[in-house]
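Analysis of the macromolecular model
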Amino acid sequence: MNYFPDEVIEHIFDFIASHKDRNSISLVSKSWHKIERCSRKRVFIGNCYAINPERLIERFPSLRSLTLKGKPHFADFNLVPHEWGGFVHPWIVALAKARVGLEELRLKRMVVSDESLELLSRSFASFKSLVLVSCEGFTTDGLASVAANCRHLCELDLQENEIEDHRGQWLNCFPESSTALTSLNFSCLKGETNLAALERLVARSPNLESLKVNRAVPLDALTRLLSCAPQLVDLGVGSYENEPDQESFVKLMDAIKKCTSLRSLSGFSEVAPLCLTAFYPICQNLTSLNLSYAAEIQGNHLIRFIQFCKRLQRLWILDSIGDKGLEVVASTCKELQELRVFPSDLHDEEDNDTAVTEIGLVAISAGCPKLHSILYFCKQMTNAALITVAKNCPNFIRFRLCILEPNKPDHTTSQSLDEGFGAIVQACKGLRRLSVSGLLTDKVFLYIGMYAEQLEMLSIAFAGDTDKGMLYVLNGCKKMRKLEIRDSPFGNAALLADVDKYRTMRSLWMSSCEVTLGGCKRLARNAPWLNVEIINENENNDLMMERNEEDEREKVDRLYLYRTVVGARKDAPPCVTIL
Amino acid sequence: MEKGGLELEITELRLGLPGTEKMMKKRGFTEMIMTSSGSNSNQCESGVVSSGCDVEKANESPVAKSQVVGWPPVCSYRRKNSCKEVSTTRVGLGYVKVSMDGVPYLRKMDLGSSQGYDDLAFALDKLFGFHGIGVALKDGDNCEYVTIYEDKDGDWMLAGDVPWGMFIESCKRLRIMKRSDAAGFGLQPRGVDE
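Calculation rules
- Per-chain numbering applies: the sequence of each chain, read as written, is numbered from 1 onward.
- A letter from A marks each chain and a number from 1 marks each ligand, given out in the order of writing.
- Only residues with pLDDT of at least 70 are given local features in this predicted model, and only at 80 or more are side-chain atom pairs given and counted; all residues enter the totals for whole chains, interfaces and linings.
- Each side-chain value is worked out from all heavy atoms of the structure, with water and hydrogens disregarded.
- Put simply, DSSP H or I for four residues or longer makes a helix, DSSP E for two residues or longer makes a strand, and each gets a number counted from the N terminus.
- Two things to know: the radius of gyration comes from C-alpha atoms, and the globule rule equals 2.2 Å times the number of residues to the power 0.38.
- Only protein chains enter the accessibility calculation, which uses a 1.4 Å probe; a residue is then buried when its area is under 20% of its type maximum, exposed when over 50%, and partly exposed in between.
- Residues are treated as being in contact if the distance between any of their heavy atoms lies within 4.5 Å.
- Note on areas: Shrake-Rupley, 1.4 Å probe, and residue coverage restricted to the protein chains presented here.
- For this count, His and the chain ends are skipped, Lys and Arg are scored as positive, and Asp and Glu as negative.
- Just so you know, the charge point we use is NZ for Lys, CZ for Arg, CG for Asp and CD for Glu.
- Definition of nonpolar core: a set of buried residues of the types Ala, Val, Leu, Ile, Met, Phe, Trp, Tyr and Cys, connected through side-chain atoms within 4.5 Å.
- One side-chain nitrogen of Lys or Arg within 4 Å of one carboxyl oxygen of Asp or Glu is enough to make a salt bridge.
- An axis is simply a line fitted to the C-alpha atoms; with a helix, the fit covers only the stretch in contact. Between two such axes, the angle follows the N-to-C directions and lies from 0 to 180 degrees.
- Relative orientations are named as follows: roughly parallel for angles under 35 degrees, roughly antiparallel for angles over 145 degrees, roughly perpendicular for angles from 65 to 115 degrees, and oblique for any other angle.
- In this classification, the charged set is Asp, Glu, Lys and Arg, the nonpolar set is Ala, Val, Leu, Ile, Met, Phe, Trp, Tyr, Cys and Pro, and all remaining amino acids, among them Gly, are polar.
- The predictor's confidence in any single residue is recorded as pLDDT, a number from 0 to 100.
- What makes a crossing left-handed is the near helix being turned counterclockwise from the far one by less than a right angle; a clockwise turn instead makes it right-handed.
- For this analysis, a ring pair means two rings from Phe, Tyr or Trp (six-membered ring only for Trp) whose centres lie within 6.5 Å, classed as stacked if their planes differ by under 30 degrees, edge-to-face if by over 60, and tilted for the remaining angles.
- In this analysis the charged atom, NZ for Lys or CZ for Arg, is taken to sit over a ring once it is within 6 Å of the ring centre and within 35 degrees of the ring normal.
- Patch membership needs two things, relative accessible area over 30% and no salt bridge, and members are linked within 9 Å if like-charged or within 5 Å if nonpolar (Val, Leu, Ile, Met, Phe, Trp, Tyr).
- Strands were regarded as paired on the criterion that DSSP finds at least two bridges between them.
- Handedness of a crossover is defined as follows: orient the strands so they point away from the viewer, and if the path from the first strand over the helix to the second runs clockwise, the crossover is right-handed.

**Section: the overall build of chain A**
- Of the regular secondary structure elements, chain A holds 21 helices and 23 strands.
- Over its C-alpha trace chain A gives a radius of gyration of 25 Å, about what one expects of a compact globule, namely 25 Å for 579 residues.
- For chain A, the C-alpha atoms occupy an extent of roughly 75 × 65 × 60 Å along the three principal directions.
- Looking at the 579 residues of chain A, the share that counts as buried comes to 59%.
- In chain A, once contacts between residues fewer than 6 apart in sequence are set aside, the share between residues at least 24 apart is 72%.
- About 22700 Å² of surface is accessible on chain A, with carbon and sulfur atoms providing 50% of the total.
- Taking the average location of the 68 positive side-chain charges in chain A and that of its 74 negative ones, the two points are 8 Å from each other.

Dropping the structure here:
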């Protein structure tokens, strides 16, 4: 292979897309490292503090597409203070300064400002695609700059962001010459939408495949949009409507009938059930259906719709569908690969008879042979059910089970769920992601350490008895990358047993566990290549550092550690101490 | 679950009642919620030590699961945007959803903050910035809109007929509908439940 000219090797590398593979290639030899890095266009950075933008640019001069992730996963559940960090601005500044030909930017859990978006929109002439997931810190003004200045924008995808809506005219800011849009998702915007501007934009975007609108787009506007974009593949609906009158309903249904390419449907927040029925003409074509925000649509309506969706591969739904509904899914959706069942009642105020149980899960596992990913919120579980599920579905890659009440045992035997989860990890040899819940002892972690050879991400809450639990996982799971633990009795012994293990992991999160300040300090001393962050909202930096030896025994509320090649970050807020 | 020849005696599974040694070691959910009001770690320690009595306390006064921060693990965006989070659907208390024909948004209002139908009329006017609604309630036949509500039984009734107290107890949601549409809507006739 070394006798080929570089151009030939580079051409061969072009066929290798996956980040993992390209990273492996770059380790083979110096010359391969150089060819690989000079030709690399797409880079994925799972932790924005593991490296800095200058080093990134230096290594990958041909960078076109950058993916960055900021806050740790538990930030989703309000366990990370708002001001923690994850700012994208320094990255955009550096990329702009180095005149990188950036075309794509994908951010998850990062803080984005209007200033950042403005700079982005002015600095990269070929910029095509902006995807923001669970980000915050910007307003519709920032969107206006992107719309106005990115002449080649194809994709603007805003998923679940906190965006301050200035009710401006950002949609009007797309110039008339902008006709390249393929994907537009503004479903998370809370304010009003200029419907005329939206309709004009959609009408002049013949390549538009994905359109997800927000709540402020009513049914008649949706009808008009669908009429001028029958080529849509992916549609997000989101509009309040009482039962629409006969005429509007017929018009909507007619427009939908023409959307023969439609494969993916989502939205439906605050939408009357009748609106769902307008989609009957195309439901047998659907491969993806997200009704997890449709709290208004009751189980029976959902079931009636889903029983026609025979080609469904992905289904996100609320637990109001019930076990009976899941049985219908199991008998209808034989192509199902991914299922997410979210809780509809977060306050436990109502007597929730329709929440799902182990019965629904077993039915799905029996009926859907291609299932590989599941997220399941339920009120109860049994070992027997989990053992059956493991037998039925040995192909799970992602298995996330959340029993709503922490520490809940098997409801038929009152035993822990160690055996059930043990069966899952033993049968599912390809399991990469696992979340456990219910009553669990150290034994479940023994099983995980023993069997979960491919496990990369593990989420633990209210589980285990002693440090041994965490040690089984750290010692056994060779491919572990992200470990996140809350409210479990793991302490310094487990944290410090094998410091080098953290070289092979992206990050570790521990909150409300038994680790102490002294333990964390010791870890930080022994592992200078780690950033060991203590998050304590009740104190500030100075108090922390003045503590005497006594306080070394004080338990740490939240610990977040991650490997990094650039040392302690300089943008940490007062509530974060980097040891 | 035994692998041939492997002795799995590492942990002793004790299935005792709360208050046994096992509960002492593990920082159970019940201890956590008893001490979750402060996030001072000193409190946590005392919680572990006296777990027996804390567990008993928990049994006496059941604490809602939602008091635990970040549990269940549903992301905050989803929490904020799921309808049940946004408004209580309990009949007679708190907020009800109000819709008006032609307006793409739902509004919520607190029925409890109004003293009577006049108050309600005023509040509705303010909510939608439209002066006709109040008139509808007071002087039904002369107005472009009618105000109807869905009661406990799922029936749609004309607002203003029953005594105020009875109204706020049974009203689940409100709708301001065009009079022209109301004719074929299937409103329950007046006086049906008196």
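**Some thoughts on the nonpolar core**
- One finds Leu184, Phe399, Ile448, Leu495 and Tyr502 of chain A to be the most contacted residues of the largest nonpolar core, which totals 187 residues.
- Setting aside residues no more than four positions away along its own chain, Phe399 of chain A makes contact with Leu361, Ile374, Leu386, Val389, Phe421, Ile424, Leu431, Arg433, Leu434 and Ser435 of chain A.
- In terms of nonpolar packing, the next biggest core, distinct from the first, is built from 20 residues, Tyr149, Met157, Ala159 and Leu174 of chain B among them.

**Let's talk about helix H13 (residues 322-332) of chain A**
- Buried within H13 of chain A we find Gly322, Asp323, Gly325, Leu326, Val329, Ala330 and Thr332 of chain A.
- In the core, the buried residues of H13 of chain A are packed alongside helix H12 (299-306), strand S13 (314-318), strand S14 (338-342), helix H14 (358-367) and strand S15 (373-378) of chain A.

**Observations concerning the pattern of salt bridges**
Residues and elements named next belong to chain A.
- The final tally for this structure, using the stated rule, is 31 salt bridges over all chains.
- With a closest N to O distance of 3.2 Å, Glu456 and Lys20 form a salt bridge. Taken as a pair, Glu456 in the loop between helix H17 (442-451) and strand S18 (457-461) and Lys20 in helix H2 (residues 19-25) lie far apart in primary sequence, 436 residues in all.
- With a relative accessible area of 52%, Lys20 lands in the exposed category.
- Taking the shortest distance from any N to any O, the salt bridge between Glu104 and Arg42 comes out at 2.9 Å. Of this pair, Glu104 sits in strand S3 (residues 104-108) while Arg42 sits in strand S1 (residues 42-45), and the two are 62 residues apart along the sequence.
- When its relative accessible area of 43% is taken as the criterion, Arg42 is described as partly exposed.
- Look at the salt bridges and you will find they share partners, linking Lys20, Glu456 and Arg481 into a network.

**Quick look at the packing of H17 of chain A against helix H18 (residues 467-476) of chain A**
Residue and element names in this part refer to chain A.
- At a minimum axis distance of 8 Å, the contact between H17 and H18 shows a crossing angle of 5°. Judged by the inter-axis angle, H17 sits roughly parallel to H18. Contacts from Asp442, Phe445, Leu446, Ile448 and Gly449 of H17 reach H18 at Lys468, Gly469, Tyr472, Val473 and Gly476.
- Considered class by class, the residues forming the contact of H17 with H18 number 5 nonpolar, 3 polar and 2 charged.

**Considering the confidence of the model for chain B**
Residue and element names in this part refer to chain B.
- Per-residue pLDDT for chain B averages 62, and the proportion of residues at 70 or more is 44%.
- When pLDDT is averaged over each helix and strand of chain B, the minimum, 35, is found for helix H3 (residues 41-49) and the maximum, 88, for helix H5 (residues 76-81).
- Within the model, pLDDT remains below 50 along residues 33-66, and this stretch shows 37 contacts once partners closer than five positions in the same chain are excluded.
- Counted against residues more than four places away or in other chains, residues 85-93, with its pLDDT under 50, gives 20 contacts.

**Here we look at the packing of helix H1 (residues 6-13) of chain A against helix H3 (residues 30-39) of chain A**
Residue and element names in this part refer to chain A.
- The contact between H1 and H3 brings their axes to 10 Å, and the two run at 60°. The orientation of H1 relative to H3 falls into the category oblique. Crossing of H1 over H3 shows right-handed handedness. Touching Asp6, Ile9, Glu10 and Phe13 of H1 are Trp32, Ile35, Glu36 and Ser39, all from H3.
- By residue class, the composition of the contact of H1 with H3 is 4 nonpolar, 1 polar and 3 charged.

**Details of the packing of aromatic side chains**
- Considering all chains together, one arrives at 24 aromatic pairs over all chains under this definition.
- Summarising the aromatic geometry, the rings of Phe74 of chain A and Trp509 of chain A are spaced 5.9 Å apart at their centres and angled 75° between planes, so their arrangement reads as edge-to-face. You can see Phe74 of chain A sitting in the loop between strand S2 (65-69) and helix H5 (89-97) and its partner Trp509 of chain A sitting in strand S20 (residues 507-511), a full 435 residues away along the chain.
- Exposure remark for Trp509 of chain A: the relative accessible area of 2% places this residue in the buried category.
- Between Tyr293 of chain A and Tyr77 of chain B, the ring centres sit 6.0 Å apart and the planes meet at 80°, which makes this aromatic pair edge-to-face. Pair noted here: Tyr293 of chain A is in the loop between strand S12 (288-290) and H12 and Tyr77 of chain B is in helix H5, and the two residues belong to different chains. Comparing Tyr293 of chain A with Tyr77 of chain B, the two get one shared label, buried.
- Each member of the aromatic cluster is reached from another via a ring pair, and the members are Tyr49, Phe74, Phe77, Trp84, Trp509, Tyr560 and Tyr562 of chain A.
- One Lys or Arg, Arg78 of chain B, reaches over the ring of Phe342 of chain A and ends 3.5 Å from the middle of that ring.

**With respect to a negative patch on the surface**
- Together, Asp6, Glu7, Glu10 and Asp14 of chain A make up a region of like negative charge exposed at the surface.
- Structurally, Asp14 of chain A can be placed in the loop between H1 and H2.

**Section: H18 of chain A**
- Among all positions of H18 of chain A, only Gly469, Met470, Tyr472, Val473 and Leu474 of chain A are buried.
- Looking at the buried side of H18 of chain A, the elements it contacts are H17, S18, strand S19 (482-486), helix H19 (492-496) and S20 of chain A.

**Some words on the environment of Pro72 of chain B**
- For Pro72 of chain B, the position within the fold is in the loop between helix H4 (51-60) and H5.
- Discounting residues that sit within four places of it in the chain, Pro72 of chain B has contacts with Leu346, Phe377 and Leu404 of chain A together with Arg79 of chain B.

**A few points about the pairing of S13 of chain A**
Residue and element names in this part refer to chain A.
- Buried residues dominate S13, accounting for 4 of its 5 residues.
- Where S12 meets S13, 3 bridges bridge the pair, whose relative direction is parallel. Looking at S13, one finds that Asn290 is bridged to Trp316.
- With H12 bridging S12 and its parallel neighbour S13, the resulting β-α-β unit is right-handed.
- In this sheet, S14 lies alongside S13 in parallel orientation, the contact comprising 5 bridges. Directly across from Trp316, in S14, lies its bridge partner Arg340.
- In the classification by handedness, the crossover that spans S13, the intervening H13 and the parallel S14 is right-handed.

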